[in-house]
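# Geometric and topological summary
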Amino acid sequence: MEFLADQVQFINATAVPWVLRLVMLGLGLSLTLADFKRVIIFPKAAGIGLVAQLIGLPVTAFALAWLFDPAPMVAVGLVILAVCPSGVTSNAYTFAARGDVPLCVTLAAVTSVITVFTIPFMIALALRTFMTAAEIELPVLGMLLNLATLTLFPIAAGMLIRHKWSERAKQAEEPIRKMVLYLLYVVLAFGVITSWETIVAEFTTLGVMVLTMNLLTMGLGFGLGKLFKLPAPQIVTITYEVGVQNLALAFAITFNILQNPDLAVAALIYAAIMPVTALVFIRFARRMIESEAATQVAA
């Protein structure tokens, strides 16, 4: 048992940050400066996606935490999950669903930079809202610096590699994505072991709450896209960008920066639920895109 505890400690303290760095390096390898400029090319779509992620997601998490009234740790964990922007996972789902991949990459790039500065303050607000000051302390400035080293620096390194060795960068993208996926499975398994008692105690309420958040956030992206009459591929992209969260970042914050596994319970349950809804939506998304394309040809 002591051996297992040592392994869990190693995973939380050492492996999780490197998994996140790999995620962000993989994102950087797919980026160029032109991807950031696409915010100007897609002003409406990018604006909708950014507002939904930076404002809609935290508001949804706070509202659900008040509505379901879970344990304070779980409520804060739900907010942490919501404020972690989409990463390379949403890119994969968008590609599979035939969505607008350039828009997806642009949103992932911009939110990964912005949320380094917004995440510490959102988490501080969640802590003040759902917990007492004595229960957990959040060094906001220290967390901001930690997030910069875990996200911005690897993204910048990936972009530099892409600029210097474009072909090699493209070849490395898929192997890194697969490696990250396998490592996330390991982190997930050890996370479940670490927080097993909390998961069992909160499973009924938490499962419904996390599923509700997943469906609401995907619905938020889809609904805003429809409301503003975006093309079908962009609607699909925003649905995934808003509805698929960056688990590696959520795990790094809870396990490594805050060093409190109970805060990761919402993310652990989400890791089991999100792939199901994301895969189901692929079929609907393809039909919607094909239908719009057929209508445009007929016109």
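Preceding block: the structure.
What counts and what doesn't
Residues numbered from 1 in each chain as written. Predicted model: local features only at pLDDT ≥ 70, side-chain atom pairs only at ≥ 80, totals over all residues. Heavy atoms only, no water. Salt bridge = Lys/Arg side-chain N within 4 Å of Asp/Glu carboxyl O. Helix = DSSP H or I, 4+ residues; strand = E, 2+ residues; numbered from the N terminus. Buried < 20%, exposed > 50% of the residue type's maximum accessible area, 1.4 Å probe, protein only. Contact = heavy atoms within 4.5 Å. Phe/Tyr/Trp six-rings, centres within 6.5 Å; stacked < 30°, edge-to-face > 60°. 1 Å grid on protein atoms, 1.4 Å probe; cavity = no way out; pocket = protein on both sides within 12 Å on 5 of 7 lines; lining within 4 Å. Points joined across faces, edges and corners; volume = space filled by probe spheres on them. Nonpolar A, V, L, I, M, F, W, Y, C, P; charged D, E, K, R; others polar. Core = buried A, V, L, I, M, F, W, Y, C linked by side-chain atoms within 4.5 Å.

Turning next to the pattern of salt bridges. When their charged atoms lie close together, side chains carrying opposite charge are able to pair. Considering all chains together, one arrives at one salt bridge under this definition. For Arg98, the salt bridge goes to Glu290, with nearest N and O atoms at 2.9 Å. Note that Arg98 is positioned in the loop between α5 (88-96) and α6 (101-130) and Glu290 in helix α12 (residues 265-298), a separation of 192 residues in sequence. What makes Arg98 partly exposed here is its relative accessible area of 45%. Residue Glu290 is classed as partly exposed on the basis of its relative accessible area, which comes to 44%.

Turning to the environment of Gly225, a few remarks are in order. Residue placement: Gly225 occurs in helix α9 (residues 196-227). For the pair formed by Gly225 and Thr237, sequence separation is twelve residues and the distance between their alpha carbons is 9.3 Å. Look past the residues within four positions of Gly225 in its chain and what remains in contact with it is Leu230 and Ile235.

Note that Val210 resides in helix α9. Exposure remark for Val210: the relative accessible area of 0% places this residue in the buried category.

Positive phi values are uncommon outside glycine, yet Asp69 reaches one of about 50 degrees. Inspection of the secondary structure puts Asp69 in the loop between α3 (43-68) and α4 (72-82). Look at Asp69 and you get exposed, because its relative accessible area is 62%. Phi at Gln259 is positive, roughly 55 degrees, even though this residue is not glycine. Looking at where Gln259 falls in the secondary structure, it is placed in the loop between α11 (247-257) and α12. With relative accessibility at 61%, the residue Gln259 sits in the exposed group.

So, about the packing of aromatic side chains. Under the definition given, this model contains nine aromatic pairs. For the ring pair Trp66 and Phe130, a centre distance of 6.1 Å and an interplane angle of 50 degrees mean the geometry is tilted. Of the two residues, Trp66 is situated in helix α3 and Phe130 in helix α6; the sequence distance between them amounts to 64 residues. On the accessibility criterion, Phe130 (16% relative accessible area) is buried. Residues Phe222 and Phe284 carry aromatic rings whose centres are separated by 5.8 Å and whose planes lie at 55 degrees to one another, so their mutual orientation is tilted. A residue pair is termed long-range when its members are at least 10 positions apart, and Phe222 in helix α9 and Phe284 in helix α12 qualify at 62 residues. In this structure an aromatic cluster arises from ring pairing among Tyr93, Phe222, Tyr240, Phe281 and Phe284.

If you trace the backbone, Thr237 turns up in helix α10 (residues 232-243). Once residues within four sequence positions are removed from consideration, Thr237 is found in contact with Thr94, Gly99, Asp100, Leu103 and Cys104.

Taken as a whole, the second largest pocket encloses approximately 170 Å³ of empty space. Every residue lining the second largest pocket is counted, twelve residues in all, and those nearest its centre are Ser30, Asn91, Val101, Glu173 and Arg177. Where the lining of the second largest pocket is concerned, the elements lending two or more residues are α1 (2-29), α5, α6 and α8 (166-194). No other element matches α5, which puts four residues into the lining of the second largest pocket. Classifying every residue of the lining of the second largest pocket by side-chain character gives six nonpolar, three polar and three charged.

Bringing the nonpolar core into the picture now. The biggest cluster of nonpolar side chains holds 88 residues, and the ones touching the most others in it are Ile123, Phe130, Tyr240 and Ile253. If you tally residues by element for this core, the top one is α12, at 15 residues. Sequence-distant contacts of Tyr240, defined by excluding residues within four places in its chain, comprise Ser90, Tyr93, Thr94, Ala97, Met218, Ala278, Phe281 and Ile282.

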